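One letter stands for each residue in the lines below.
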Amino acid sequence: GAVVSQHPSWVICKSGTSVKIECRSLDFQATTMFWYRQFPKQSLMLMATSNEGSKATYEQGVEKDKFLINHASLTLSTLTVTSAHPEDSSFYICSAKGSALGGELFFGEGSRLTVL
Amino acid sequence: GESVGLHLPTLSVQEGDNSIINCAYSNSASDYFIWYKQESGKGPQFIIDIRSNMDKRQGQRVTVLLNKTVKHLSLQIAATQPGDSAVYFCAGTWSGNQFYFGTGTSLTVIP
C-alpha cells in the first residue's frame, strides 16, 4: 500500500518555540492532505485540510495563525506549531489522499509533541 | 452536526473468540466508510473499507457489515488474537473529501 511518512516522530521543545512537522507521501502524489490532533484515549480531531498549492481549510476552533500549514508540493505538507505552549502537547497525525488511489486515506505514523 | 460514533468505548474478548465492534453514523448521504486500527503511539492503520453500494465486505479475518437502513456498520474480527488488541475507529465521508472519525473502541484480547 501507499506510504505516508511523518517526521519527526517525537519532539520535545521549550515553551515559546516553534516546531515544524513534515508529512510526505512516498510513493504517490497526494492532492489532499489532512492534519489531525489526538489526545490520549480520544479519537482523531481533524484540524485542517490541505490542498496542494492553495491555502489550508481549517476546522472551526483551530487557530490558523497558531497551526501553520503549507502544502507546497504534491508529496509534502508541513504543520508548524508556532509559539508552542504545554497545552499544545499532543499527538499530531497526517493523512494523505491521492486522486489516483481512490477514496482511501493513508496515514502517517504520527508525531508526538511535548512542550515543556 | 454530522457524526460518526461508536456504541462501546471498550471491549474485552477471549483469545480465539470473535469480536464485533459497532459504529453508527447520522448522515444518510455517507457513501464511503473505513475501519482503522490504531496501536498505542502509532498512526491509524487501514483495515478494510466499504462503499454504500455494498452491505458486506470481507477481508482476512475481518468482515465489515453496512446497514444503511439504520445507518450502522460493524467490524467483525474472527478468531481474535492478542495482536488485535488496539483501538478501532470507523471513519465516514459524505463530502467526498473529508473523513470524520468515531470516538474509538479499545479492544483488549485476553489470552
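For clarity, every value in this text was computed on a predicted model and none was experimentally measured.

1. Remarks on the overall build of chain B
Within chain B, the regular secondary structure consists of 0 helices and 11 strands. Along chain B, helices and strands appear, N-terminal first, in the series β-β-β-β-β-β-β-β-β-β-β. Computed over C-alpha atoms, the radius of gyration of chain B comes to 13 Å, within 12% of the 13 Å expected from 2.2 N^0.38 for 111 residues, which places it in the range of a compact globule. Out of the 111 residues in chain B, the part that is buried amounts to 43%.

2. Concerning the environment of B:Asp17
Residue and element names in this part refer to chain B. Summarising the element assignment, aspartate 17 is placed in the loop between strand 2 (10-14) and strand 3 (19-25). Along the backbone, aspartate 17 and aspartate 49 are 32 residues apart, and their C-alpha atoms lie at a distance of 23 Å. If we ignore the near neighbours within four places in the chain, the residues touching aspartate 17 are Ile77, Ala78, Ala79 and Thr80.

3. Here's the deal with the interface of chain A and chain B
Often, the extent of an interface is quoted as the loss of accessible area upon association of its parts. Listed as interface residues are 20 residues of chain A and, on the opposing side, 19 residues of chain B. Taken together, both faces of the contact between chain A and chain B bury some 1500 Å²; the carbon and sulfur share is 54%. Looking at the side of chain A facing chain B, the largest losses of area belong to A:Ser43, A:Glu104 and A:Phe107, adding up to 27% of the total buried there. Our count for the contact surface shared by chain A and chain B stands at 0 salt bridges.

4. A look at the confidence of the model for chain B
Regions with low pLDDT carry predicted coordinates that are not meant to be interpreted in detail. Chain-level statistics for chain B give a pLDDT mean of 87 and a share of 90% at 70 or above. No element of chain B has a lower mean pLDDT than strand 1 (residues 4-5) of chain B, which averages 52, and none a higher one than strand 6 (residues 56-58) of chain B, which averages 97.

5. Description of the sheet that holds strand 8 (residues 76-81) of chain A
Residues and elements named next belong to chain A. One open sheet accounts for 4 strands, arranged 1-3-8-7; its pairing is antiparallel. Each edge of the open sheet is held by one strand with a lone partner, namely strand 1 (4-7) and strand 7 (67-73). Between one strand axis and the next, the sheet turns through 15 degrees on average, direction left out of account. In this structure, strand 1 lies alongside strand 3 (residues 19-25), joined through 4 bridges in antiparallel fashion. Directly across from histidine 7, in strand 3, lies its bridge partner glutamate 22.

6. A closer look at the nonpolar core
Core analysis: the biggest nonpolar cluster contains 26 residues, and A:Phe67 and A:Leu113 have the highest contact counts within it. Secondary structure elements with two or more residues in this core: strand 2 (10-13), strand 3, strand 4 (32-38), strand 5 (44-51), strand 7, strand 8, strand 9 (90-97) and strand 11 (111-115) of chain A. Setting aside chain neighbours within four positions, we find A:Phe67 in contact with A:Arg37, A:Met47, A:Tyr58, A:Val62, A:Leu79, A:Thr80, A:Val81, A:Asp88 and A:Tyr92. With 20 residues, the next largest nonpolar core counts B:Cys23, B:Tyr25, B:Val62 and B:Leu107 among its residues.

7. Notes on the packing of aromatic side chains
All names here are of chain A. Evaluated as defined, the whole model comprises 11 aromatic pairs over all chains. Note on tyrosine 36 and phenylalanine 107: the rings are 5.7 Å apart at their centroids and 40 degrees apart in plane angle, and the pair reads as tilted. Remark: phenylalanine 107 occurs in strand 10 (residues 106-107) and tyrosine 36 occurs in strand 4; sequence separation between them is 71 residues. For tyrosine 36, a relative accessible area of 1% corresponds to the buried category.

Procedures and definitions
- Residues numbered from 1 in each chain as written.
- Chains lettered and ligands numbered in written order.
- Predicted model: local features only at pLDDT ≥ 70, side-chain atom pairs only at ≥ 80, totals over all residues.
- Heavy atoms only, no water.
- Helix = DSSP H or I, 4+ residues; strand = E, 2+ residues; numbered from the N terminus.
- Rg over C-alpha atoms; globule rule 2.2 N^0.38 Å.
- Buried < 20%, exposed > 50% of the residue type's maximum accessible area, 1.4 Å probe, protein only.
- Contact = heavy atoms within 4.5 Å.
- Buried area = accessible area lost by both parts, 1.4 Å probe.
- Salt bridge = Lys/Arg side-chain N within 4 Å of Asp/Glu carboxyl O.
- pLDDT = per-residue confidence, 0-100.
- Pairing = 2+ DSSP bridges.
- Axes fitted to C-alpha atoms, helices over the stretch in contact; angles between N-to-C directions.
- Core = buried A, V, L, I, M, F, W, Y, C linked by side-chain atoms within 4.5 Å.
- Phe/Tyr/Trp six-rings, centres within 6.5 Å; stacked < 30°, edge-to-face > 60°.

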